[in-house]
Amino acid sequence: MSAYLIRRILQAALILLGVSFITFALLYLVPADPARQIAGRSATAQTVENIREQLGLNLPFYEQYWRYLINLLQGDFGRSYLQKSEVGELIAARLPASLLLMVSAIFTELVFGVLIGVVAAIKRDTWLDKVLMVLSFIGVSAPQFVVGILLLYIFAVQLQWFPIGGYGTFAHLVLPSLTLGVLGAGWYSRMMRSSLIDVLTQDYIRTAKAKGMPSARVIFRHALPNAFLPIIAMIGIDIGFFMSGIVVVESVFGWPGIGQLAWQAIQRIDIPIIMGVTLVSACAIVLGNLVADLIAPFIDPRIKLK
């Protein structure tokens, strides 16, 4: 186990190094001048050049990246060009909201997705299976902003059950979680159906049924834990997605997460914030996948960490 963890940590460090290099290189090649945006349209060329020199934007690429990497290893994400605040503090202020939305969204999509997938697998090739899979396909295909606006119109404007937007109470959390959960549940339901059908055809399942074991116990005690393994891997991927890829949902519902922070930074070419959010999201993906791999052997003892 210790050798496995050390190897995975080293792999994670290389992945994060690669992510930081590629992101920094892409931002370096963007045909935009952050110094000009900071100085304003009326600033003189000398003023812009002074700002560029203060920020180190006039240095060669390799020197800029090296300086950034050294500061990053010391826990310094840099300072926002436009907000004049430490990037670490800005991300830390937004992180609790993103984590809360991430956990609630994953819980929502798991509940709906696993339930639909199990029912569809048990009732496979029936009209119920076809209807559930069509609904799953619609959920996967629906754009986030369409689902979000539709839920807002029905439950916030017409029924007035929930607030239109904002952050701070459970009522504010329901509609954003449902928006993300409905979309994610489509993927989980299709994966769960396919995985459970495959498990139900295994010899040990047929043996359990032949011994007279109740169908419910066969499914929930023997089949479902093994069918759940691909779902765990998907959760690890979802962690990174929800940390940075929910910009649309956060914008629709006015949710103050790091996705919205990243979108604002992209619009204004605020490189330190873009780099910070990207690296935090990459860390979330790496940690999510590592946790998923470590949990898998506890669900299925036949899986060994090598």
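Provided above is the structure to which this section pertains.
One structure accompanies this document, and this report is about it. (Residues numbered from 1 in each chain as written. Predicted model: local features only at pLDDT ≥ 70, side-chain atom pairs only at ≥ 80, totals over all residues. Heavy atoms only, no water.)

**Quick word on the packing of aromatic side chains**
- A complete count under the given rule lists 8 aromatic pairs for this structure.
- Where Phe 21 meets Tyr 65, the ring centres are 5.4 Å apart and the plane angle is 85°; that geometry is what we call edge-to-face. You can see Phe 21 sitting in helix α1 (residues 2-29) and its partner Tyr 65 sitting in helix α4 (residues 61-73), a full 44 residues away along the chain.
- Phe 21 sits in the partly exposed class, given a relative accessible area of 40%.
- Using a relative accessible area of 9% as the deciding quantity, one classes Tyr 65 as buried.
- Members of the aromatic cluster, each reached through a chain of ring pairs, are Phe 21, Phe 24, Tyr 28, Phe 61, Tyr 65 and Tyr 68. (Phe/Tyr/Trp six-rings, centres within 6.5 Å; stacked < 30°, edge-to-face > 60°. Helix = DSSP H or I, 4+ residues; strand = E, 2+ residues; numbered from the N terminus. Buried < 20%, exposed > 50% of the residue type's maximum accessible area, 1.4 Å probe, protein only.)

**Looking at helix α3 (residues 45-55)**
- Along α3, the residues that are buried comprise Val 48, Ile 51 and Arg 52. Looking down the long axis of α3, one finds its buried residues gathered within 100° of arc, a one-sided arrangement. Exposed and oriented more than 90 degrees from the buried face of α3 are Gln 46, Glu 53 and Gln 54.
- Looking one or two residues beyond α3, the residue adopting positive phi is Gly 56, at roughly 80°. (Arc of directions from axis to C-beta.)

**Observations regarding the packing of helix α6 (residues 127-141) against helix α8 (residues 170-200)**
- Axis separation between α6 and α8 bottoms out at 7 Å; the angle between their running directions is 135°. In terms of orientation, α6 lies oblique with respect to α8. The hand of the α6/α8 crossing is left-handed. Residue-level contacts link Asp 129, Met 133, Ser 136, Phe 137, Gly 139 and Val 140 of α6 to Val 182, Leu 183, Gly 186, Trp 187, Ser 189, Arg 190 and Arg 193 of α8. (Axes fitted to C-alpha atoms, helices over the stretch in contact; angles between N-to-C directions. Parallel < 35°, antiparallel > 145°, perpendicular 65-115°, else oblique. Left-handed = near helix turned anticlockwise from the far one by under 90°. Contact = heavy atoms within 4.5 Å.)

**A closer look at the nonpolar core**
- Judged by nonpolar contacts, the single largest core of 37 residues is most densely connected at Leu 180, Met 192, Leu 196 and Phe 242.
- Among the elements of the structure, α5 (87-122), α7 (144-158), α8, α9 (203-210), α10 (215-227), α11 (229-244) and α12 (247-253) are those that each provide at least two residues to this core.
- Residues in contact with Met 192, not counting those within four places in the same chain, are Gly 113, Val 114, Gly 117, Val 118, Leu 224, Ala 227, Phe 228 and Ile 231.
- Counting residues in hydrophobic clusters, the runner-up holds 26 residues, among them Ala 43, Val 48, Leu 69 and Tyr 81. (Core = buried A, V, L, I, M, F, W, Y, C linked by side-chain atoms within 4.5 Å.)

**Some points on the packing of α5 against helix α13 (residues 258-267)**
- Packing of α5 against α13 leaves a shortest axis separation of 8 Å and a crossing angle of 135°. By the angle between their axes, α5 is oblique relative to α13. Only Ile 258, Gly 259, Gln 260, Leu 261 and Gln 264 of α13 make contact with α5, whose side of the interface consists of Leu 90, Ile 91, Arg 94, Leu 95 and Ser 98.
- Split into classes, the residues belonging to the contact of α5 with α13 amount to 5 nonpolar, 4 polar and 1 charged. (Nonpolar A, V, L, I, M, F, W, Y, C, P; charged D, E, K, R; others polar.)

The quantities given are spatial measurements derived from coordinates; they are silent on function.
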